[in-house]
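Overview (structure and organization)
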Amino acid sequence: MTQVFEDHNRLVVLRSGLSQPDGALLRSVLESHGIHAFLSGEHVAGMNEGLWANLMVRAADYEDAQKALSNLAMMPSKAFPVRHDADGEELACLRCGSGRVHAFEGRVPTSLPFVKVMAERGQGWYHCLQCGSYYNDRRPRFSSLSIALMWGGTLALATLIGIWIINWIKWL
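Residues numbered from 1 in each chain as written. Predicted model: local features only at pLDDT ≥ 70, side-chain atom pairs only at ≥ 80, totals over all residues. Heavy atoms only, no water.

Observations regarding the environment of Asn136
Position of Asn136 relative to the elements: it lies in strand β8 (residues 134–136). What makes Asn136 partly exposed here is its relative accessible area of 26%. Sequence separation of Asn136 and Gln123 is 13 residues, and the distance between their C-alpha atoms is 7.8 Å. The contact partners of Asn136, leaving out residues within four places of it in the chain, are Gln123, Gly124 and Trp125. (Helix = DSSP H or I, 4+ residues; strand = E, 2+ residues; numbered from the N terminus. Buried < 20%, exposed > 50% of the residue type's maximum accessible area, 1.4 Å probe, protein only. Contact = heavy atoms within 4.5 Å.)

Comments concerning the packing of helix α1 (residues 20–32) against helix α3 (residues 62–70)
In contact at an axis separation of 10 Å, α1 and α3 are set at 115° when each is read in the N-to-C sense. With respect to α3, the element α1 is oriented roughly perpendicular. Between α1 and α3 lies a crossing of right-handed hand. Only Ala65, Ala68 and Leu69 of α3 make contact with α1, whose side of the interface consists of Leu26, Val29 and Leu30. Along the lines of polarity and charge, the residues of the contact of α1 with α3 split into 6 nonpolar, no polar and no charged. (Axes fitted to C-alpha atoms, helices over the stretch in contact; angles between N-to-C directions. Parallel < 35°, antiparallel > 145°, perpendicular 65-115°, else oblique. Left-handed = near helix turned anticlockwise from the far one by under 90°. Nonpolar A, V, L, I, M, F, W, Y, C, P; charged D, E, K, R; others polar.)

Focus on the sheet that holds strand β7 (residues 125–128)
Spatially, 3 strands are ordered β4-β7-β8 in an open sheet, and the strand pairing comes out antiparallel. Of all the strands in the sheet, the pair left with one neighbour each is β4 (101–103) and β8. Across this sheet, the average inter-strand angle for adjacent strands is 30°, counted without regard to direction. Note that β4 and β7 share 3 bridges and pair antiparallel. Within the sheet, the bridge partner assigned to Val101 lies in β7 and is Cys128. (Pairing = 2+ DSSP bridges.)

Observations concerning the confidence of the model for the protein chain
Detailed reading of predicted coordinates is not advised where the pLDDT is low. When pLDDT is averaged along the protein chain, the result is 77; 75% of the residues meet or exceed 70. Mean pLDDT across the elements of the protein chain bottoms out in helix α2 (residues 42–47) (62) and peaks in helix α4 (residues 144–171) (89). Counting contacts from residues 75–80, a segment whose pLDDT is below 50, to residues more than four positions away or on other chains yields 10 contacts. (pLDDT = per-residue confidence, 0-100.)

Some details on the pattern of salt bridges
Counted under the stated rule, the structure contains 2 salt bridges. Across the salt bridge formed by Arg58 and Asp61, the nearest N and O atoms sit 3.6 Å from each other. Residue Arg58 is classed as partly exposed on the basis of its relative accessible area of 33%. What makes Asp61 buried here is its relative accessible area of 15%. Ionic pairing is found between Glu105 and Arg121, a salt bridge with its closest N-O pair at 3.2 Å. (Salt bridge = Lys/Arg side-chain N within 4 Å of Asp/Glu carboxyl O.)

Observations concerning α3
If you check which residues of α3 are buried, you get Tyr62, Ala65, Ala68 and Leu69. Seen end-on, α3 carries its buried residues on one side only, within an arc spanning 125°. Of the surrounding secondary structure, the elements contacted by the buried residues of α3 are β1 (11–18), α1 and β3 (53–58). (Arc of directions from axis to C-beta.)

Points about the nonpolar core
Grouped together as the largest cluster of nonpolar side chains are 18 residues, with contacts concentrated most on Leu14, Leu26, Leu30, Leu55, Val57, Ala65 and Leu69. Counting only elements with at least two residues in this core, the list comes to β1, α1, β2 (37–40), β3 and α3. When residues in this core are grouped by element, the largest group, 4 residues, is from α3. Sequence-distant contacts of Ala65, that is, excluding residues within four places in its chain, are made with Leu14, Leu30, Ile35 and Val57. Residues Cys93, Tyr126, Cys128 and Tyr135 belong to the second largest nonpolar core, which totals 7 residues. (Core = buried A, V, L, I, M, F, W, Y, C linked by side-chain atoms within 4.5 Å.)

Comments concerning the sheet that holds β1
Here 3 strands make up an open sheet; going across it, the order is β1-β3-β2 and the pairing antiparallel. If you trace the sheet from one side to the other, it starts and ends with β1 and β2, each paired once. Strand after strand, the sheet turns through a mean of 25° between neighbouring axes, direction not considered. Here β1 runs beside β3; their pairing, made up of 5 bridges, is antiparallel. Residue pairing in the sheet places Val12 in a bridge with Val57 of β3. Packed onto the sheet, α1 meets β1, β2 and β3 and runs at close to 170° relative to β2. On top of the sheet, α3 reaches β1 and β3; it is set at about 30° to β1, its chief contact.

Next comes the structure, spelled out in structure tokens:
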């Protein structure tokens with residue numbers, strides 16, 4: 001799939017959701033091919049295993065960078081059968097770019113406590129066998145902002161109830 005970009009000096013995401021070591025490795029591969037790469041969130045991704053970085057290149061170098069990374073042993077695509085989505089495009093992991101992706105149904109592991117996500121057939125859930133990530137190719141029902149506001153409101157309410165109980169006990 002060929003990408004067309006208006007501004008060739010603009011940074012575009014080549015791979016997303018990388019750990020700091022994987023991102024640094026891919027950046028060094030690109031720089032060995034003469035392609036300047038930028039790892040956004042590099043230091044944040046190195047602080048915690050659950051935080052990720054994005055590998056970015058200039059829009060003018062996007063096609064060359066895709067070719068340079070297509071031959072890496074850590075992201076094989078020819079050893080496994082190529083799967084296609086409903087539009088006929090080749091499925092690739094959103095996090096590592098691997099072609100080792102299969103449709104998934106069942107319980108999706110999440111990092112949020114008390115949140116259970118069930119993937120059912122036909123909902124567009126995929127599992128990457130290369131990096132182990134789970135993702136949905138459809139637009140999420142809730143944005144992360146609404147979830148953050150919900151948790152913030154819940155914690156604020158719990159705090160207010162706790163303060164009220166402490167003041168009530170002091171009053172007794």
